[in-house]
Amino acid sequence: MLKESKFLIIISPLLILTSCYSDGFDEVTNTFIESFSATEALNNVNIASLTQVSTLLDDGKEIGKETKVIEFDKNDDDSIYYHSITSRSGSLLEEYPDEPSYKERVIHKINNEYKVYLNSDEEISIETISENQIKSLIQNFFYTQSTSEIYTNGYYYGDSIKINKMYWREFDFDEENQTLTFTIVNDNTVEDVLINNTFMVNSYGMLLSQETSTKEFPGTLEATTIVKATYDKLDTYYDIEELNNEKK
């Protein structure tokens, strides 16, 4: 089985490469990158819908899978909406034995109080939740770690890009669409592993898409992750009372 540390590589925004060269971005691209700000992203990205699918394969056959969906709408600061689902199967369920195979959370305001509907492997609860707790969940979508004003470990990739500008050859700036793409192919700087990783961010440094594979070499085991995100609208808003009635 792939070691956990090697599997986690596939959901990292950047990989430490062995090449060593200076920042070679042109002025337009550099200005675009330097405009990234976690604060600006958090203040201006008010809607998000993201799906992340991670799969473990052995000789091309699926042996484990994790699917994660995160959605929120904070356009109305007085009535924030949040929805998430995580499901695991096969080897990835065995990887996290203390966590549920299925977990769904919906939060919104009911009668002037925020309520959270939590379905964890069919164990359902509805409780009151504070506004700060909702805002903390949404902040975690952007970043979960901050050190010396560097914000990482979320779907805001801007600061990770800034501190890795020495790898400018792996980036491509699309000025017309205001997107930046990072690509590496068959990188083998991690011993006995081949890595492919491509991701795209928007003008706020927020992840739009990512496709990554980590394959044992030699070997038959492979881990892949595909992420898709949009920041303009939500197709569905789930109602806590309706969900609760469906499960009764």
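Not measured: the values here are computed from a predicted model.

Peer 1: Mind laying out the pattern of salt bridges, listing which residues take part and the relevant values?
Peer 2: The full count for this structure, using the stated rule, is eight salt bridges. Across the salt bridge formed by Glu99 and Arg88, the nearest N and O atoms sit 2.8 Å from each other. Of this pair, Glu99 sits in the loop between helix H4 (91-95) and strand S4 (102-110) while Arg88 sits in strand S3 (residues 81-90), and the two are eleven residues apart along the sequence. For Glu99, a relative accessible area of 38% puts it in the partly exposed group. The exposure class assigned to Arg88 is buried, which follows from its relative accessible area of 14%. In this structure, Asp235 and Lys233 form a salt bridge, with 2.6 Å as the shortest nitrogen-oxygen distance. Assessed through its relative accessible area of 47%, Lys233 is described here as partly exposed. Via salt bridges that share partners, Glu66, Arg88 and Glu99 belong to a single interconnected network.

Peer 1: Which residues make up the packing of aromatic side chains, and what values go with them?
Peer 2: With the rule as written, the count across this model stands at twelve aromatic pairs. Plain terms: the ring middles of Tyr81 and Tyr237 are 4.9 Å apart, the flat faces sit at 55° to each other, and that makes the pair tilted. Taken together, the residues span a long stretch of sequence, with Tyr81 in strand S3 and Tyr237 in the loop between strand S13 (221-230) and helix H7 (240-247) at a distance of 156 residues. The exposure class of Tyr237 is partly exposed, given its relative accessible area of 44%. When the centroid spacing of 5.1 Å and the interplanar angle of 45° are considered together, the rings of Phe141 and Tyr155 count as tilted.

Peer 1: Kindly report on unusual backbone geometry, identifying the contributing residues and their values.
Peer 2: Of all residues except glycine, most have a negative phi; of all peptide bonds, most are trans. Across the junction of Phe217 and Pro218, the peptide omega takes the value 0°, indicating a cis bond. Of note, Pro218 is situated in the loop between strand S12 (207-216) and S13. Unusually for a residue other than glycine, Asn153 sits at a positive phi of about 65°. Among the structural elements, Asn153 can be located in the loop between strand S8 (150-152) and helix H6 (158-162).

Peer 1: Any chance you could break down the nonpolar core for me, citing the residues and the numbers?
Peer 2: Grouped together as the largest cluster of nonpolar side chains are 40 residues, with contacts concentrated most on Phe36, Phe141, Phe142, Ile161, Leu180 and Met206. Counting residues in each nonpolar core, the second largest holds eight residues, with Tyr81, Leu234, Ile240 and Leu243 among its members.

Peer 1: Describe helix H5 (residues 131-142), listing the residues and the values that go with them.
Peer 2: With twelve residues, H5 extends 17 Å between its outermost C-alpha atoms, agreeing within 8% with the 16 Å of an ideal straight helix rising 1.5 Å per residue. Here H5 has its buried residues at Ile134, Ile138, Phe141 and Phe142. Buried residues of H5 fall within an arc of 105° about the axis and therefore sit on the same side.

Peer 1: Describe in detail the confidence of the model for the chain, supporting the description with residues and values.
Peer 2: In this model, the chain carries a mean pLDDT of 89, and residues with pLDDT of at least 70 account for 90%. Here residues 1-10 scores under 50 on pLDDT; set against residues more than four positions off or in separate chains, the count is 31 contacts.

Criteria and cut-off values
- Throughout this document, residue positions are counted from 1 along each chain, in the order its sequence is written.
- Since the coordinates come from a predicted model, pLDDT governs what is reported: local features require at least 70, and pairs of side-chain atoms require 80 or more to be given and counted, while whole-chain, interface and lining totals use all residues.
- Hydrogens and waters are ignored; side-chain quantities use all the structure's heavy atoms.
- Take a side-chain nitrogen of Lys or Arg and a carboxyl oxygen of Asp or Glu: if they are within 4 Å of each other, that pair is a salt bridge.
- Strands are runs of DSSP state E lasting at least two residues, helices are runs of H or I lasting at least four, and both sets are numbered from the N terminus onward.
- Note on classification: 1.4 Å probe, protein chains only; a residue is buried when its accessible area is under 20% of the maximum for its type, exposed when over 50%, partly exposed between these limits.
- Only the six-membered ring of Trp is used, alongside the rings of Phe and Tyr, when aromatic pairs are assigned; centres must lie within 6.5 Å, and planes under 30 degrees apart are stacked while those over 60 apart are edge-to-face, with the rest tilted.
- Note on terminology: a nonpolar core comprises buried Ala, Val, Leu, Ile, Met, Phe, Trp, Tyr and Cys residues joined through side-chain atoms within 4.5 Å.
- Helix span, expected: 1.5 Å multiplied by one less than the number of residues in the helix.
- This arc corresponds to the set of directions leading from the helix axis out to the C-beta atoms.
- Confidence scores labelled pLDDT are given residue by residue by the predictor and lie between 0 and 100.
- Every residue pair with non-hydrogen atoms within 4.5 Å of one another is taken to be in contact.

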